Structure formats: C-alpha cells, structure tokens
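# Summary of structural features
Okay, here's what each chain looks like letter by letter:
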Amino acid sequence: MTSKTAHLKTIEQRLLWLSHWMIHNANHVRPKADGIKVGGHQASSASMVSIMTALYFSALRPEDRVAVKPHASPLFHAIQYLMGNQDLEKMKNFRGFHGVQSYPSRTKDIDDVDFSTGSVGLGVAITSFASLVQDFIAAKNWSKARTLGRMVALVGDAELDEGNVYEALQEGWKNDLRNCWWIIDYNRQSLDGIVREGLLDRVEKIFDAFGWDVVRVKYGALQQAAFDEPGGASLKQWIDACSNQDYAALTFMGGAVWRKRLMDDLGDQGEVSALIDSRSDDGLAALMENLGGNCTETMAAAFDAIDHDRPTCFLAYTIKGWGTPIAGHKDNHGGLMNKTQMAAWQAHMGVGEGDEWEHFATVEDVAAFKGFLNEVPFFAKGPRRFTADRIDVPPIELSSDREISSQMAFGKVLDDLSKGDSELAQRIVTTSPDVTGTTNLGPWVNRRKLFARTAMADAFIEHRIPSTAKWEFTPEGQHIELGIAEMNLFLLLGAAGLSHSLFGERLIPIGTVYDPFVCRGLDALNYACYQDARFMIVGTPSGVTLAPEGGAHQSIGTPLIGMSQDGLAAFEPAFADELAVIMEWSFDYLQRDGEGDPDERTWLRDETGGSVYLRLSTNPIEQPVNRADNDFRQGAIDGAYWLRKPGPNCEVVIAYQGVVAPEAIKAAGLLAGNRRDVGVLSVTSADRLNAGWTAAQRARSRGHAGARSHIEMLMGDLPAHCRLITVIDGHPATLAWLGGVAGHQTIPLGVEHFGQTGTISDLYRHFGIDAASIVEKVSGLTPGPAI
C-alpha cells in the first residue's frame, strides 16, 4: 500500500466516523426540544465515503466545482470540518438552528459549497449548464485567462428517476458539453425499495447515446485481487449474476451468511471453495463488500485515468451503509444506528470516549497526516469563491407616442443596448426555450448572434433566402438557444447567475418564456433563487390578455408566484417608460451584494439584491408621454404611483396592475362624473409593495415607530370611507391585500378560472375586468349616486 493510498484510507475512516457521529449526536445525544427525530442519512453518507475521499483528496483541483448528493451532506461537512473550514459548534448543531444544513447550501452554510442541493436531480443537471456557462465566458475577449474546471455532480442512483436529468443530457449534447463529470452512487437502494435489476445497463446506453464516456467502477482492489486467484473467475461470475436484493440482504447478514450462500452456490468446486475457505467470516464480508465505489484506491485510479475533457459518467457500485451495522438493510435510507449499535461501532472504529469530535482521533502519525492534508490540491488555495466588479448601467430611456405592448418595449430596450458597446451589453447573455422570436428577443439575437464553441453559418443567409431571423452561431454569440424544457431554462439561468462567484466573471442573464409555462420550471426557479443566483426572467405573453391562444396559454397564478418566491422581485409594468425605469434599476439590482440597512423610506426587503421577474403582455396600449419626474421613476421601482391622484374627498380608488391599465383609466373617467375625487393607482409591483408593507410592520413591532412603507405613504391621506377597486388579468388575490393597509373596503377583480379563446374584449367582459364591469361593480357594491 502506497503512502498516498494509506492516507486516503485514513481520511475515509475519519470521514465515515465524523459524518455518522454528527448525525448520531443530533438524534441521540443533543437535547431535543420537541422529541421529533432530527434525521440525517447515515447510510447514504457511508455509500459515498470512498468516492468523496478519492474525489476531494486526489482528483479535484481548485478550479473544479462540485454538486454534492443531498443525502451526502453530513459527509461533505465532515470533509470541510477535517480541513478546518467548518465550525465545531455548527457540526454539533447539525440540522439545528444556525447549524450545518441538512443539505449543502451556498447561502446558509459557512463552508465552501459550490452548488446548493436538496431538490433531487437539480444539483445533477446544473453542473452541465455551469460547464456551458464556463465555455461561454472563456470564448469572450473580455474574459480573464483561467484554467477551465470540471463541473462534477455526485448522483444518487434513485435521482436518475428525475426527468430533468435527461432533459439536461439532451441539451448538453446539443451544446457540445465538455468538462463535466457525473459520478453515480449505484447503491441500488432508494427510500421505498431496491432499484430494479438492469437499470445500469439502460443508464449506460442513454449516456452513450448522448456522447458521454461511461466508466463502470464495479470491483474494488480486494475483489480484483481475488479474481486473479484460482477460482476467482467463478466468484466474479457469481457476483455479476447476484440480484440487487440478495446482495443487499447478504451484506446486512454478514460474513457467516455470505459463506453459507457462496458455499451452497459455488461449493465443491475445488479452487473457488478454497478461495472462500481461506478467509475468515470478517475477511469474506470485507471482500464481498469491496465494490469499486467502496474502494478509495479503485476510485482514485478511475478518476486519474481520465485524460480528456469529454463528459464522463462514472457508474460506481456501492453498498448503502457500507462499513456500518446497518449496511444493506432495506430500511436504512432514513434509518439510524441506535445507541447500542453506535457504542459497538465506536469501539470497532477505535474512537475513544471523549474523542468523538477530535479531527485526528485514531491517526497514528498526526504530523505526516497533516502534511498530506496541507498538500491536497483542491484545498491548497483556500476558499474558491470569486468576487467580480460591478458593471456600470447606462441610462435606459424608452417612451413612445404610439401604442406599444410591454413585450415590444422589452425587445426595444435590448435592441437599443445591442447597438451600443457598453460593458452591460457585452455581459448580457440571453436564453429562451424555443420561443426566442415570439418573446421579442429576435432583434437582439440578430445583432449579437447565438453562442456556440464552433462557428456555424446560417444557411438561409448563405442561400439568400429572406428571413427576419439571422441565426448565426459563433463563439462571440450572446444568446444560448434551448429546446422546449423550462427546467433547463431556469437551470441555465441559475448557473449563469452564479458566474461571478463560480468563475470570477459577471454575467447579466436574461431569459424569456411564455408566462403560463413559468410553472413548468418552478422547482428549478426556486432552486436558482435559493442559491442566490442573479438573473432576469421575462414571462410573456401573460394573462387572459393572450385571449386567442386559449386557456392553456393564459396565466392566472403567476403574479402570486412572483410575490411568494423569495429572492425574486416581480414587476408587471403597463407602459414602456415604466419598463425602462424598472430594467435600468434591475440591471443594478442583479449585482447588489452584501449586507445593508433597509431603505428607511420604503422599508423594502432584499435591497441587497436578487433576481427579477417581469410579467409582460403582447397587447399594444396607448402610452402616456413626458413622464420623467422623480416621483414617477421611484414609484415605478418601489411598486406603485398615482396615475391620477385622489382628491381630499375621494370615494373610489381604482388600483390596477399591468396591461388592464386602459380599462382602469376608462372606468375612472366614467365614474368621475358621479363619484368625487376618483383616484387611479398604477401598481407596477404588488410583490415589492407587499414586501415593503410587511417589512414596515415588522420594524414597528421592533420599536421603529416611524417606519412607513411606500404603500402606506401613498394611501395615508385617503379618507376612511373610500373604496378600493383592484384589477388585474390574473388572480385577484394579487392586489386584494391592499385593503388591509389602511382598512379600506376592497373589491378585488381578476381571473380565478381557466380562460378560453376569444377576443380580449370578450374575455375581459367574461371575467368582469373591463371598464364597464368595473363601473358596474362600483355602482352595485358601494353606496353613492346612481350612474
């Protein structure tokens, strides 16, 4: 055994102990406030310990990035603790408040997490998109010279049931994926049962079909040596033929049962019988459990053998719960060693009482061991997160004296940026799931081109065939075209939105998607926001205003998604000048970082930055002109402004969000003759208004008596008898809460049921959000003169 192999084996045993003790401490030692199981995944960590030891302490380099299997989180934290990057008190408080997190988290953990994981399958897929983003950056003339890293995913075999994994495989193939490793922990046990026979054969064929190199790591060093002994071929044949269920059950029952089963199946064959007889029960169990994924020497050799940048999948056979008393048991996914089992296992591991948290307990030559750790390449340069400079945002002005839709205005903003040479324009990367042209990205793409590592001309241009779209692929391109898979869209936005931290170069990612199909990618959207990725997502066309397309293409609940999604500031501007103000602010907001005091005027949350969601429409509406005052600009950013200020005796305020603006304005005009001092409130962001309001209430409860939110200041002078009518072409709950700000009776109008085909006026009338319906509601539900 070489010195390196010996050190890796010592590390493996240290990590196995520390990860399992951390879980045991949380469940059986630390006092419990509620008596509920804390949990943790001892068996899932054990199956990965050899793989992660070989990976982190032999194969990885500082430029590499890793997405750790969620259930191997204790093992990841044990690695960081061993290397001095994790705090003892946080380890002791595993799954407790402010302790190390259940699953690795970029934003909640203090150790060096590259990708948050937890949503099964998403941490796998994001690595392929991170590799694509790395290539995108490397191809640009403004990029600093850096060694390209490998994007590595540690994958549980049960995660391969997730459809987004295969969507990502296809997109990777289309984009010439490289520098990506997926390491599959093939322990053949999931939460509800044993993995079906033959799965790996099919997985291998899928990866091969998409151009991946596939490396099977089935046998450990002990097994490989045994196969070279007389009778070894028969033993190998038996192992290959053994079912997943039998292998797991025999592992749990141990060496004596292994012996009986092998002798029953292979006995009286001379050489193979002698091979079995030459080993003690413990030795035989160690041999049969020495699968490739449970052997650091074998895994390190498999990693070292890769000398290319092609995407590579390692199929590593493992035992779930390897090295522990619960190895192989079908209930071990969420199972824990009890106190008796742990005490016996502690003695087996050689860890003295009181030394449970000691970094180097059981290490014979501590100095030599520390010397080895100090030379491990992956950790040699310390934390591997980068910082990136802020990008200056030029003024964005856009006004129109003609009818224009907010979607068209969005395209115009990007088209204007594409004509210039600002740093912002250089750092924008756009993407869309096969709806580039229909979401008004076409002009931007025509000027800035599509990205590919290898140039590819547009045949239509070569053959002089007229087309509005110029789809030229080039390394300088700034648009990444995706297929129809919204999960991939949000995974790519997440990866690109972390580029400043992962690769030291800031990108401004902008994605467009049909608004109703935001829901298709919600898990990946939440995952990206949880990691604090920074991007702009444009949902367009939105709402029942997309009338002729029918109910399947009309979004109702997306405004509520925008309000409820943490890390995402949602806007729905009606007019082009509002959009220009919001986009200029957004390009700065995407880059904000660090802690800061909230704005005492608005008491808005998340003023340290986040991602942005724009809900836009295809319906052209008449535009206001010459609005450049600060109140309008700040109001559009803070979430609302008075389009028509209410008078002192105001009886009715109509508050609208988005494209229904003309209906609200028309209704106000009709009401003005019979109702006093009618006001019209233009809401550009119910999300930011609501966030500011709740933040101000929290502040007041904590002693900041003067805290006032933007919406409280806007509505502060309304008389108590005033009624609010809220209107949106989405769910009415988006604005219904406005009545709670100052206690005004509120009539929320919106859409609560699936739409259908028809004209815009048909659907507005059907759902009661047209001007006539607004007037009717005011007349029927509030006191006042007849209209």
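Residues numbered from 1 in each chain as written. Predicted model: local features only at pLDDT ≥ 70, side-chain atom pairs only at ≥ 80, totals over all residues. Heavy atoms only, no water.

This next bit is on helix H11 (residues 255-266). Counted at 1.5 Å a residue, the expected span for H11 with its 12 residues is 16 Å, and the 16 Å between its end C-alpha atoms agrees. Residues of H11 that are buried include every one of Gly 255, Trp 258, Arg 259, Leu 262 and Leu 266, and no others. Seen end-on, H11 carries its buried residues on one side only, within an arc spanning 100°. Seen from the buried face of H11, the exposed residues on the opposite side, beyond 90 degrees, are Lys 260 and Asp 264. With its phi angle positive at about 60°, Asp 268 sits one or two positions after the end of H11. (Helix = DSSP H or I, 4+ residues; strand = E, 2+ residues; numbered from the N terminus. Expected span 1.5 Å × (residues − 1). Buried < 20%, exposed > 50% of the residue type's maximum accessible area, 1.4 Å probe, protein only. Arc of directions from axis to C-beta.)

One open sheet holds the 5 strands; their spatial order is S1-S2-S3-S5-S4, and the pairing between them is parallel. A single partner strand is all that each edge strand has here, and the edge strands are strand S1 (65-67) and strand S4 (213-217). For this sheet, the mean angle separating the axes of adjacent strands, direction not counted, is 15°. For strand S2 (residues 151-156) and strand S3 (residues 180-186), the ladder comprises 6 bridges, and the chain directions are parallel. By the bridge assignment for S3, Gly 156 is matched with Asp 185. Running at roughly 170° to S2, helix H5 (residues 122-138) makes contact with S1, S2 and S3 of the sheet. (Pairing = 2+ DSSP bridges. Axes fitted to C-alpha atoms, helices over the stretch in contact; angles between N-to-C directions. Contact = heavy atoms within 4.5 Å.)

Tallied over the entire structure, the rule returns 24 aromatic pairs. Where Phe 57 meets Phe 379, the ring centres are 5.6 Å apart and the plane angle is 40°; that geometry is what we call tilted. In this pair, Phe 57 sits in helix H2 (residues 42-59) while Phe 379 sits in the loop between helix H16 (366-374) and helix H17 (406-419), placing the two residues 322 residues apart along the sequence. Assigned by exposure class, Phe 57 and Phe 379 land together as buried. Note on Trp 182 and Phe 207: the rings are 5.8 Å apart at their centroids and 85° apart in plane angle, and the pair reads as edge-to-face. Taken as a pair, Trp 182 in strand S3 and Phe 207 in helix H7 (residues 199-209) lie far apart in primary sequence, 25 residues in all. Here Trp 182 matches Phe 207 in class, with each residue buried. An aromatic cluster of at least three residues, connected via ring pairs, comprises Tyr 56, Phe 57, Phe 76, Phe 378 and Phe 379. For Lys 140, the ring lying beneath its charged end belongs to Phe 136, and the centroid distance is 3.6 Å. It is Arg 520 that lies over the ring of Phe 517; its NZ or CZ is 3.9 Å from the centre. (Phe/Tyr/Trp six-rings, centres within 6.5 Å; stacked < 30°, edge-to-face > 60°. Lys NZ or Arg CZ within 6 Å of the ring centre and 35° of its normal.)

With that settled, consider the nonpolar core. The biggest cluster of nonpolar side chains holds 104 residues, and the ones touching the most others in it are Leu 55, Tyr 56 and Phe 57. The leading source of residues in this core is H2, at 11 residues. For Leu 55, the contacting residues outside a window of four places in its chain are Leu 60, Val 66, Val 152, Leu 154, Trp 181, Ile 183 and Phe 303. In terms of nonpolar packing, the next biggest core, distinct from the first, is built from 69 residues, Ile 582, Ile 654, Ile 747 and Ala 771 among them. (Core = buried A, V, L, I, M, F, W, Y, C linked by side-chain atoms within 4.5 Å.)

This part takes up the side chain of Ser 131. Examined against the element boundaries, Ser 131 turns out to sit in helix H5. For Ser 131, a relative accessible area of 1% translates into the label buried. Those residues in contact with Ser 131 that lie beyond four places of it in its chain are Met 151, Leu 177, Arg 178 and Asn 179.

Here the focus is the sheet that holds strand S16 (residues 679-683). To summarise the sheet geometry, strands pair through backbone hydrogen bonds and adopt either a parallel or an antiparallel arrangement. Overall, mixed pairing links the 5 strands, which are arranged S14-S16-S15-S17-S18 in an open sheet. Of all the strands in the sheet, the pair left with one neighbour each is strand S14 (640-644) and strand S18 (746-749). On average, each strand axis in the sheet is tilted by 20° relative to the strand beside it, whichever way the strands run. Pairing between strand S17 (residues 723-727) and S18: 4 bridges, direction parallel. From the neighbouring strand, Leu 724 faces S18, where its bridge partner is Thr 746.

Before going further, it helps to spend a moment on the packing of helix H21 (residues 486-496) against helix H23 (residues 522-530). Here H21 crosses H23 at 10°, and the two axes come no closer than 8 Å. One finds that H21 runs roughly parallel with respect to H23. The residues of H23 that touch H21, namely those facing Met 487, Phe 490, Leu 491 and Gly 494, are Asp 523, Ala 524, Leu 525, Tyr 527 and Ala 528. Looking at the contact of H21 with H23 residue by residue, the class counts come to 7 nonpolar, 1 polar and 1 charged. (Parallel < 35°, antiparallel > 145°, perpendicular 65-115°, else oblique. Nonpolar A, V, L, I, M, F, W, Y, C, P; charged D, E, K, R; others polar.)

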